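Results of the structural survey
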Amino acid sequence: EASTLDVLTLAVANQEEWLLAPAGVFLIAVLVLILHFISVRKLARAAEEIDLETGYVELPLDTLPIEAQPLGQAVNKLIARTDKVRKRERFFLSAAAHEMRSPLTGLRTRLEFIADEKLKEDLIRDVNRIIKLVNQLLQLSKLGNAANVIEYFDLKECCQLAAERVPSLKEMVDVEVVFSSDVDAYPIWGDRNLINAALTNLVENALDFSRAGARVSILLDASGTVTVEDEGPGINREVLSEVFTPFSKYPPNRNGHGLGLAIVKAIVELHGGTVFAENANSAGARIGFTLPHAEQSPTSLPETE
């Protein structure tokens, strides 16, 4: 009996070992899969956070398992090629704008000597439109090349300056531009010149849709939202979401090149803000942006090449 018991005990022990072996292999396989899944998820999150506008960034390969590294290397090569194309496009845009601006300025000066006043006026107006386009293209190229100028300034002062300066630049003294603010000051970090350019483009856009005797209102609220409202025809709902797209003009036959609001969007997003466009309750359009307060802003803008 003792011998039989020993045999049964040994058989049960061997069976337990035989069952534990595949269970252990299964647990190890599950653990490996979980670790690989976590690594791939890290790779996916890193890829989602990449913004080529802020400069060239590669995916971290040292945290990936060997099996996933070829995928990461392929993605990094794609990022490098995309960054190269982006830099080439911006260089071309900047170089073309620089090369065109000087001869256009000289041409405008020589047009002053034309005797026919009507012809001279028409030609100068056309040249001025081309010069404005060139300046806008140059401004767009600069946004992607050198936007790490940081200073601490008051957004309210910039709004006040735009309200006072832009109507005279546009020679639209028959349109009233008023500014109101819910705060005594709204400090932000960033590039003062770029913010002034964004506000100028917003007010100029509102003036373009304003008739004689109309009013353009600029409002700054406590959340850092700047709203420029006009009394024009408003924006067609079908194109409302496209007003910040480069070269979008509505109506298509109006003056300009459709770059003003695109520049506004680029500047605002560079400063960590958001833009919006909507129709006013009564008539006209309300276009503006929201910028973070200096306490919430980064200590520096994204560095670009």
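Throughout, residues of each chain are indexed from 1 in the direction in which the sequence is written. Local features are withheld for residues below a pLDDT of 70 in this predicted model, meaning they are given only at 70 or higher, and side-chain atom pairs are given and counted only at 80 or more; totals for whole chains, interfaces and linings count all residues. No hydrogens and no water enter the side-chain calculation; it runs on all heavy atoms of the structure.

Here a strand is any run of E in DSSP of at least two residues, a helix any run of H or I of at least four, and the numbering for each starts at the N terminus. Each helix and strand in the protein was counted, giving 6 helices and 7 strands. Along the protein, helices and strands appear, N-terminal first, in the series α-α-α-β-α-β-β-α-β-β-α-β-β. Here, Shrake-Rupley sampling with a 1.4 Å probe gives the accessible areas, and only protein chains in the shown set may cover a residue. When the accessible surface of the protein is summed, it comes to about 18,400 Å², and 58% of that surface belongs to carbon and sulfur atoms.

With that settled, the discussion passes to the packing of helix H4 (residues 155–169) against helix H5 (residues 192–208). Axis angles are defined between N-to-C directions and span 0 to 180 degrees, where every axis is a line fitted to C-alpha atoms and, for a helix, only to the segment in contact. Contact geometry for H4 and H5: axes closest at 9 Å, N-to-C directions at 45°. Put simply, H4 runs oblique to H5. Between H4 and H5 lies a crossing of right-handed hand. For the pair H4 and H5, contact is made by Leu155, Glu157, Cys158, Cys159, Leu161, Ala162, Arg165, Val166 and Pro167 and by Arg192, Ile195, Asn196, Leu199, Thr200, Val203, Glu204 and Leu207, respectively. Note on residue categories: nonpolar means Ala, Val, Leu, Ile, Met, Phe, Trp, Tyr, Cys or Pro, charged means Asp, Glu, Lys or Arg, and polar means any other residue, Gly included. Of the residues assigned to the contact of H4 with H5, the class counts are 11 nonpolar, 2 polar and 4 charged. Oblique is the label for every angle not falling under 35 degrees (roughly parallel), over 145 degrees (roughly antiparallel), or within 65 to 115 degrees (roughly perpendicular). Less than a right angle of anticlockwise turn of the near helix away from the far helix marks a crossing as left-handed, whereas a clockwise turn marks it as right-handed. The contact definition used throughout considers only heavy atoms, calling two residues in contact when any of these lie within 4.5 Å.

This next bit is on a nonpolar patch on the surface. A cluster of nonpolar side chains, Val30, Ile34, Phe37 and Ile38, forms an exposed patch at the surface whose accessible area comes to about 350 Å². Within the secondary structure layout, isoleucine 34 lies in helix H1 (residues 2–48). Residues form patches when they are more than 30% accessible in relative terms and have no salt bridge. Like charges link within 9 Å. Nonpolar side chains (Val, Leu, Ile, Met, Phe, Trp, Tyr) link within 5 Å. What counts as a salt bridge is simple: a side-chain nitrogen of Lys or Arg found within 4 Å of a carboxyl oxygen of Asp or Glu.

Linking two cysteines covalently through their sulfur atoms gives a disulfide. Any two cysteine sulfur atoms within 2.5 Å of one another count as a disulfide. In the structure shown here, the tally under the stated rule is 0 disulfides. The cysteine cysteine 158 is free of any disulfide, with cysteine 159 supplying the nearest cysteine sulfur at 6.9 Å. Each residue gets one of three labels from its accessible area relative to the maximum for its type: buried under 20%, exposed over 50%, partly exposed in between, using a 1.4 Å probe on protein chains only. On the basis of relative accessible area, cysteine 158 is assigned to the buried category, the value being 3%.

What follows covers the pattern of salt bridges. Considering all chains together, one arrives at 6 salt bridges under this definition. The partner of glutamate 229 in a salt bridge is arginine 286, and the shortest N-O contact between them spans 3.4 Å. Of this pair, glutamate 229 sits in strand E5 (residues 225–229) while arginine 286 sits in strand E7 (residues 285–290), and the two are 57 residues apart along the sequence. Judged by its relative accessible area of 28%, glutamate 229 is partly exposed. We classify arginine 286 as partly exposed; its relative accessible area is 23%. Here arginine 286 makes a salt bridge to glutamate 278, at a shortest N to O gap of 1.9 Å. Through salt bridges with shared partners, a single ionic network connects Glu229, Glu278 and Arg286.

Whether two strands pair depends on DSSP finding at least two bridges between them. Spatial ordering of the open sheet is given by E2-E4-E5-E7-E6, a layout of 5 strands whose pairing is mixed. Each edge of the open sheet is held by one strand with a lone partner, namely strand E2 (176–181) and strand E6 (274–279). Within this sheet the neighbouring strands show an average axis-to-axis angle of 15°, counted without direction. Along the sheet, H5 contacts E2, strand E4 (215–220), E5 and E7; its crossing angle with E7, the most-contacted strand, is approximately 175°.

Let us look at the confidence of the model for the protein. Along the chain, pLDDT gives the predictor's confidence residue by residue, from 0 to 100. The predicted model of the protein has a mean per-residue pLDDT of 76, with 66% of residues at 70 or higher. Looking across the protein, the model is least confident in H1, with a mean pLDDT of 62, and most confident in E5, with 96.

This paragraph deals with the packing of H5 against helix H6 (residues 260–270). The N-to-C vectors of H5 and H6 enclose an angle of 145°; their axes lie 9 Å apart at closest approach. Regarding H5 and H6, the two cross each other, and that crossing is left-handed. The residues of H6 that touch H5, namely those facing Leu194, Ile195, Ala197, Ala198, Asn201, Leu202 and Asn205, are Gly260, Leu261, Ile263, Val264, Ile267 and Leu270. The residue inventory of the contact of H5 with H6, partitioned by class, reads 10 nonpolar, 3 polar and no charged.

This part covers the nonpolar core. Grouped together as the largest cluster of nonpolar side chains are 42 residues, with contacts concentrated most on Leu155, Ile195, Leu199, Ile218, Val226 and Phe289. Of all elements in the fold, only H4, E2, H5, E4, E5, H6 and E7 reach the threshold of two or more residues within this core. Here this core takes 9 residues from H5, the largest share from any one element. Aside from chain neighbours lying at most four places away, what touches isoleucine 195 is Phe153, Leu155, Cys158, Ile188, Ile267, His271 and Leu291. Residue types Ala, Val, Leu, Ile, Met, Phe, Trp, Tyr and Cys, when buried and joined through side-chain atoms within 4.5 Å, form a set referred to as a nonpolar core. Ranked by size, the runner-up nonpolar core spans 6 residues in total, among them Leu104, Leu111, Ile124 and Val134.

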